[in-house]
Each structure stands twice: as C-alpha cells, then as structure tokens.
Amino acid sequence: MTTTVSTARLEARISVELHAMLKRAAELQGRTMTDFVIDVVQGAARSAIEQAEVVRLSMADQECFAQALLSPPKATPAMKRAFARRNKLLRSE
C-alpha cells in the first residue's frame, strides 16, 4: 500500500546574491538548495508560531498570577449566576 503525499509549490523572487549564498550554504551541508531552504524556513516558521503562542510573563506578572491561583477572589453574584447557568447547560447535554 502506497501513501500519496500532497505538496504545494512556493515561489519567491530573490536577489542573485541571496541565491548564491543559499546555494553555497546548501553545498557546504551537502544538501540540495530546496532541502536547505525548506529546513531553514520550517524552523523559522515553528519559531515564529511558538513565539506567538507562548505566554511570557514578567516576574511581577508571575507573582500576581500565582497569588490569584492561591487566593482567588470571592465569587460575585454575577459569577455565581454564570456558574449556575454553566452547570445547568452541562447537565442538559
């Protein structure tokens, strides 16, 4: 049984100098330019996504967050009503 891998094409116009640099870097690593570019771009994409998705807190923010977890505020009437509605919805499913 063979698996078909779907692919997409990416094209970019780059300067002659950048093309030469990418070609040289790929050759130095014994790879094709396509393999080199895909690997580098994939790493950069993962890094960009990680930076966008990871929440980074200052030390003061970390302490404030930890304190809120350890000593949560008392539930307000509106919060109690919201929890009651949530519980009712969950029971009806």
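Nothing here was measured: the structure is a model prediction, and the numbers come from that model. Every chain is numbered on its own, with residues counted from 1 as its sequence reads. The predicted nature of this model means local features are confined to residues of pLDDT at least 70 and side-chain atom pairs, given and counted, to a pLDDT of 80 or more, with totals for whole chains, interfaces and linings taken over all residues. Hydrogens and water are ignored here; the side-chain numbers use all heavy atoms of the structure.

S.K.: Looking at this model, I keep getting lost on the overall build of the protein. Mind explaining?
M.R.: Helix and strand counts for the protein come out as four helices and zero strands. Under the DSSP-based scheme used, a helix requires at least four consecutive residues in state H or I and a strand at least two consecutive residues in state E, with every element numbered from the N terminus. Written out in order from the N terminus, the α and β elements of the protein read α-α-α-α. In terms of overall dimensions, the protein is more spread out than a globule: its C-alpha atoms have a radius of gyration of 26 Å, far above the 12 Å expected for 93 residues. Projected onto the principal axes, the alpha-carbon positions of the protein cover approximately 65 × 45 × 25 Å. Within the protein, buried positions represent 2% of all 93 residues. Each charge sign in the protein was given a centre, from 14 positive and 10 negative side chains, and these centres are 14 Å apart. The reference for a compact globule is 2.2 Å times residues^0.38; the radius of gyration itself is calculated from the C-alpha atoms. Only protein chains enter the accessibility calculation, which uses a 1.4 Å probe; a residue is then buried when its area is under 20% of its type maximum, exposed when over 50%, and partly exposed in between. Only four residue types enter the tally: Lys and Arg on the positive side, Asp and Glu on the negative side, with His and both chain ends excluded. Think of each charge as sitting on NZ of Lys, CZ of Arg, CG of Asp or CD of Glu.

S.K.: For this particular structure, what's the right way to read the packing of helix α1 (residues 16–28) against helix α2 (residues 33–53)?
M.R.: When two helices pack together, their arrangement is given by the angle between the helix axes and by the axis-to-axis distance. Remark: α1 packs on α2, axes separated minimally by 8 Å, with the N-to-C direction vectors making an angle of 95°. The angle between α1 and α2 places the two elements in the roughly perpendicular class. Contacts between α1 and α2 involve H19, L22, K23, A25 and A26 on the former and, on the latter, M33, F36 and V37. For the contact of α1 with α2, a count of residues per class yields six nonpolar, one polar and one charged. The convention used is that axes are lines fitted to C-alpha atoms, helices contributing only their stretch in contact, and that angles between N-to-C directions extend from 0 to 180 degrees. Geometric relationships in this document are graded by angle, where less than 35 degrees denotes roughly parallel, more than 145 denotes roughly antiparallel, 65 to 115 denotes roughly perpendicular, and other angles denote oblique. Between two residues, a contact is recorded if the distance between any of their heavy atoms is within 4.5 Å. Each residue gets one label: Ala, Val, Leu, Ile, Met, Phe, Trp, Tyr, Cys and Pro are nonpolar, Asp, Glu, Lys and Arg are charged, and the others, such as Gly, are polar.

S.K.: Would you explain α1 in this entry?
M.R.: Residues spaced three or four apart along an α-helix point in a common direction, a consequence of the helix completing one turn every 3.6 residues. A helix is expected to reach a length of 1.5 Å times the quantity of its residues less one. Here α1 spans 18 Å end to end across 13 residues, near enough to the 18 Å set by a 1.5 Å rise per residue. Phi for G30, located one or two positions after α1, is positive at around 70°.

S.K.: Mind showing me how you'd approach the pattern of salt bridges here?
M.R.: Oppositely charged side chains can pair when the atoms bearing their charge come close. For this document, the term salt bridge refers to a Lys or Arg side-chain nitrogen within 4 Å of an Asp or Glu carboxyl oxygen. In this structure the tally under the stated criterion is three salt bridges. Across the pair R31 and D35 runs a salt bridge, and its minimum N-O distance is 3.0 Å. Residue classification places R31 among the partly exposed positions, given a relative accessible area of 24%. A relative accessible area of 36% means that D35 is categorised as partly exposed. Linked by salt bridges that have partners in common, R31, D35 and D39 make up one network.

S.K.: Even after reading the chapter, I still don't get the confidence of the model for the protein, so can you show me in this structure?
M.R.: Low-pLDDT portions of the prediction should not be read for the details of their coordinates. Counting all residues, the mean pLDDT for the protein is 93, and 98% of those residues have values of 70 or more. When mean pLDDT is taken per element in the protein, α1 scores highest with 98 and helix α4 (residues 77–92) scores lowest with 92. One confidence number per residue, pLDDT, is output by the predictor and ranges from 0 to 100.

S.K.: I tried to follow a nonpolar patch on the surface on my own but got confused; where do I start?
M.R.: Patch building starts from residues that exceed 30% relative accessible area and form no salt bridge, then joins like charges within 9 Å and nonpolar side chains (Val, Leu, Ile, Met, Phe, Trp, Tyr) within 5 Å. Working definition of accessibility: Shrake-Rupley area with a 1.4 Å probe, residue cover restricted to the visible protein chains. Taken together, the side chains of V55, L57, F65, L69 and L70 define a hydrophobic patch exposed on the protein surface, amounting to about 570 Å² of accessible area. Note on placement: F65 falls in helix α3 (residues 59–70). Exposure remark for F65: the relative accessible area of 51% places this residue in the exposed category.

S.K.: In this structure, what is going on with the environment of M33? I would like to understand it.
M.R.: Here M33 shows up in helix α2. Remark: the alpha-carbon pair of M33 and K23, spanning 10 residues in sequence, is separated by 5.7 Å. Not counting chain neighbours up to four residues away, the residues in contact with M33 comprise H19, L22, K23 and A26.

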